[in-house]
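What follows is the residue order along each chain.
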Amino acid sequence: MDGVPTASLLLRALTGDRPDRPPVWFMRQAGRSLPEYRDLRVGTRMLDACLTPDLAAEITLQPVRRHGVDAGIFFSDIVVPLRLAGIDVEIEPGRGPVFANPVRTASDVARITAVDPGEVAAAAEPIRAAVRAVVSELGDTPLIGFAGAPFTLAAYLVEGGPSKEHLRARAMMHADPAAWHALAGWLAQVSAAFLQAQTDAGASAVQLFDSWAGSLSVADYRAFVAPHSQAALAAVTVPRIHFGVGTAHLLPDMRLGTTADAVGVDWRTPLDEAAAALGPDVTVQGNIDPALLRAPWEVLAAHVDDVLRRGRAARAHILNLGHGVPPDTDPTVLTRIVEHVHATAS
Ligand code: 1CP
């Protein structure tokens, strides 16, 4: 529709309206692929950057200015609320989050869950300050807040760092279900506090990242994970996106009842198939294959057009990648995708 600011495309798509063209943003648009990000980060550790309001705000704004995307995603990390809870965690360059004391036993769980999640809310002032600064700069462009889902956070916390199959976290569910539920319930409250800090300060929507949920069976997802993810997301009143990787078998469950307004789909499942699995009353987000960002433009453009066409099977579509921007991506390719989509009416 003429006269409707493009700024509202994301919220319209999330609430089930179908704008003339889908809004577009990219997971991990802030950060590693941008030379201006690498310049700003010199000499500052990742988690210190996240907790320095001016830096976090500037890094959030960089990709919005450069690419002209239809939304910002707050620059932070899923482990920031754990740092705010007093847990000893660092992000090692090239590796990811590493914990000094992995949480493996019932007594480890008792130790960390003794921290009141209210302390995370109290310690989140740098987050609120950064979000306020971003929102006032963004004007009509919405800001998406985010948090890690309890399972993905537990996958790091129980292993002590990145892992391939998240075996220790999945084992805890069956070896000591009471300890698992205590841990996941606490993580849900911590992520909820982090989401609330961002929405209180002006974020217009949120995304819950359950990046590693694809390693779970449907039965384990339902029994041990979905209720905790639902609790985390239900803590905010703004529209909610729920994303996972390798989750074709979990898509209907990732709606979390009706808690998620949109479900993010990785590159493996065509969006029309995802929409059929999800039903008519949910928005889909995705799902450009990050590998195709290295393909010749004609090949990538044809893929983007195919994603847009299949996305029309859902009630509404938010164009994104099927996972985060790879660090070595040529950022001019992302700008070109945005220009291509902005020139395409659906
Ligand atoms: O030094 C650096 O630049 C560190 C790289 C980096 C960055 C830029 C990390 C370490 N985190 C981030 C920012 C980040 N993390 C954002 C920023 C906003 C944006 O999307 O633009 C977001 C949303 C996240 C969320 C995040 N962190 C997820 C979920 C999304 C996903 O990609 O699946 C996960 C799994 C993490 C853990 C993490 N943090 C960093 C790394 C390298 C990892 C992954 C490690 C692994 O492979 O297990």
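In this text, all values refer to a predicted model and were calculated from it rather than measured experimentally.

Caption draft 1: Region of interest: the pairing of strand S8 (residues 283–288). Of all six residues in S8, six are buried; the element is thus mostly enclosed. Of the strand pairs in this sheet, strand S7 (residues 262–264) and S8 are connected by three bridges, and their pairing is parallel. Each residue of the ladder has a partner; that of Val-263, found in S8, is Val-284. Examined bridge by bridge, S8 and strand S9 (residues 317–321) share five bridges and lie parallel to one another. Paired with Gly-286 across the two strands is Leu-319, which belongs to S9.

Caption draft 2: Inspection of the packing of helix H4 (residues 53–67) against helix H8 (residues 125–138) at higher detail. Between H4 and H8, the least distance of the axes is 8 Å, while the angle of their chain directions is 35°. Considering only the axes of H4 and H8, their crossing is right-handed. Contacts from Pro-53, Ala-56, Ala-57, Thr-60, Leu-61 and Val-64 in H4 reach Pro-126, Ala-129, Ala-130, Ala-133, Val-134, Glu-137 and Leu-138 in H8. Along the lines of polarity and charge, the residues of the contact of H4 with H8 split into 11 nonpolar, one polar and one charged.

Caption draft 3: Region of the structure containing the site of the ligand. Inspection of the region around the ligand gives 25 residues, with Arg-28, Tyr-37, Tyr-156, Ser-211 and His-323 positioned closest. Here an oxygen atom of the ligand sits 2.7 Å away from a polar atom, N or O, in the main chain of Arg-28. Within the side chain of Ser-211, an N or O atom sits 2.5 Å from an oxygen atom of the ligand. In isolation the ligand exposes 900 Å². Once the protein is present, 87% of that is buried. For the shell around the ligand, the secondary-structure elements that each account for two or more residues are helix H2 (35–41) and strand S3 (96–99).

Definitions and cut-offs
- Residues numbered from 1 in each chain as written.
- Predicted model: local features only at pLDDT ≥ 70, side-chain atom pairs only at ≥ 80, totals over all residues.
- Heavy atoms only, no water.
- Buried < 20%, exposed > 50% of the residue type's maximum accessible area, 1.4 Å probe, protein only.
- Helix = DSSP H or I, 4+ residues; strand = E, 2+ residues; numbered from the N terminus.
- Pairing = 2+ DSSP bridges.
- Axes fitted to C-alpha atoms, helices over the stretch in contact; angles between N-to-C directions.
- Left-handed = near helix turned anticlockwise from the far one by under 90°.
- Contact = heavy atoms within 4.5 Å.
- Nonpolar A, V, L, I, M, F, W, Y, C, P; charged D, E, K, R; others polar.
- Near = heavy atom within 4 Å.
- Polar contact = N/O pair within 3.5 Å; in protein donor to acceptor, adjacent residues only side chain to side chain.
- Areas by Shrake-Rupley, 256 points an atom, 1.4 Å probe, with all protein chains shown as cover.

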